[in-house]
Amino acid sequence: LMKRAVNTKMKQMDLKYGNNNQAIAKELIEDWLDVPLREYKDKWSTFDFYNNSLKILVELKRRRNDSKKYETQLIGKNKWDKARLKLKEGYKVYFFYLLTDGLWCYEVNANHEFQTSLLGNYARNDKTSELVLIPSIYLQKTIPKQLQEETGIKKVEPYIMKWT
């Protein structure tokens, strides 16, 4: 088997795409959870945001597809395992997915057992890693508090982020 080089240009574009949307998503997540969050400064930390006094951890994933494209959303097994450990310490852990049709949330549940798979980003020739496949039916679409309050959650049109 020939080892292919990682497509570093595509990886940089993906990182830039993610970073550009992180601040917007952080505000929406804070609004949805109704808590202030701090951002981990270490790029190697397991999660993106935290509130230690309220025992909340948040991981944000940004994807260039909508919520209907795949039946599952991916999260690293390392993040899944760490989240499950943190639940035992009394934390609530959330995985947010910023997709082209909005911001979606999965609250980690100790009773959920999902399949895992070895996958990689083939477009970038990344090495494979063990990922947990969270069925998309477990994701909840977030709606900004302002829209919740104005119209009631049942009447609101699905919130769609406009990319600029």
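For the structure itself, look to the data block above.
What counts and what doesn't
Residues numbered from 1 in each chain as written. Predicted model: local features only at pLDDT ≥ 70, side-chain atom pairs only at ≥ 80, totals over all residues. Heavy atoms only, no water. Helix = DSSP H or I, 4+ residues; strand = E, 2+ residues; numbered from the N terminus. Buried < 20%, exposed > 50% of the residue type's maximum accessible area, 1.4 Å probe, protein only. Contact = heavy atoms within 4.5 Å. Areas by Shrake-Rupley, 256 points an atom, 1.4 Å probe, with all protein chains shown as cover. Polar contact = N/O pair within 3.5 Å; in protein donor to acceptor, adjacent residues only side chain to side chain. Pairing = 2+ DSSP bridges. Axes fitted to C-alpha atoms, helices over the stretch in contact; angles between N-to-C directions. Salt bridge = Lys/Arg side-chain N within 4 Å of Asp/Glu carboxyl O. Phe/Tyr/Trp six-rings, centres within 6.5 Å; stacked < 30°, edge-to-face > 60°.

Enquirer: I'm lost on the overall build of the chain in this one. Help?
Expert: Looking only at helices and strands, the chain has three helices and nine strands in total. Beginning at the N terminus, the succession of helices and strands in the chain can be written as α-β-β-β-β-α-β-β-β-β-β-α. When each of the 164 residues of the chain is scored for burial, the buried share is 41%. Put simply, of all contacts in the chain between residues at least 6 apart along the chain, 60% involve residues at least 24 apart. Accessible area of the chain: about 10800 Å², with a carbon and sulfur share of 52%.

Enquirer: Just checking my understanding: could you explain the side chain of Glu-59 for this structure?
Expert: Mapped onto the elements, Glu-59 comes out in strand S3 (residues 56-62). For Glu-59, a relative accessible area of 2% translates into the label buried. A distance of 3.3 Å separates a polar atom in the side chain of Glu-59 from the backbone nitrogen of Asp-48. Not counting residues up to four positions away in its chain, the partners in contact with Glu-59 are Thr-46, Phe-47, Asp-48, Ile-75, Lys-79, Tyr-94, Phe-95 and Phe-96.

Enquirer: Hey, could you run me through the sheet that holds strand S6 (residues 102-107) in this one?
Expert: Two modes of strand pairing occur in sheets, parallel and antiparallel, and in both the strands are linked by backbone hydrogen bonds. If you trace the six strands from one edge of the open sheet to the other, you get S1-S2-S3-S5-S6-S9, paired in mixed fashion. Sheet topology places strand S1 (38-39) and strand S9 (140-141) at the edges, where each strand pairs with a single neighbour. Bridge count between S3 and strand S5 (residues 92-99): seven bridges; the pairing is parallel. Counterpart to Lys-61 in the pairing with S5 is Tyr-97.

Enquirer: Is there a simple way to explain the sheet that holds strand S4 (residues 72-76) in this structure?
Expert: Strand order in the open sheet formed by three strands is S4-S8-S7, with antiparallel pairing between adjacent strands. Each having just a single partner strand, S4 and strand S7 (116-119) make up the two edges of the open sheet. Each strand axis lies, on average, 45° off the axis of its neighbour in the sheet, ignoring direction. Relative to strand S8 (residues 129-135), S4 runs antiparallel, the two being bridged by five bridges. The residue of S8 that forms the bridge with Thr-72 is Pro-135.

Enquirer: Sorry if this is basic, but what is going on with the pattern of salt bridges here?
Expert: Where charged atoms from two side chains of opposite charge come close, those side chains can pair. Evaluation of the coordinates by the stated rule reveals seven salt bridges. The partner of Glu-113 in a salt bridge is Arg-84, and the shortest N-O contact between them spans 3.1 Å. In this pair, Glu-113 sits in the loop between S6 and S7 while Arg-84 sits in helix H2 (residues 77-88), placing the two residues 29 residues apart along the sequence. With relative accessibility at 63%, the residue Glu-113 sits in the exposed group. A salt bridge links Glu-89 to Lys-86; the nearest nitrogen and oxygen atoms lie 3.0 Å apart. Several salt bridges share partner residues, and in doing so they unite Glu-59, Lys-61 and Lys-79 into one network.

Enquirer: Please clarify how the packing of aromatic side chains should be interpreted in this entry.
Expert: Given two aromatic rings, one states the distance between the centres and the angle between the planes to describe the pair. Scanning the model with the defined rule gives eight aromatic pairs in all. Ring centres of Trp-80 and Phe-95 lie 6.4 Å apart, and the angle between their planes is 45°; on these two criteria the pair is classed as tilted. Taken together, the positions of Trp-80 in helix H2 and Phe-95 in strand S5 put the pair 15 residues apart, joining distant regions of the chain. What makes Trp-80 buried here is its relative accessible area of 5%. Owing to a relative accessible area of 0%, Phe-95 belongs among the buried residues under this scheme. Measuring from ring centre to ring centre gives 5.9 Å for Tyr-106 and Phe-114, while their planes differ by 65°; the resulting arrangement is edge-to-face.

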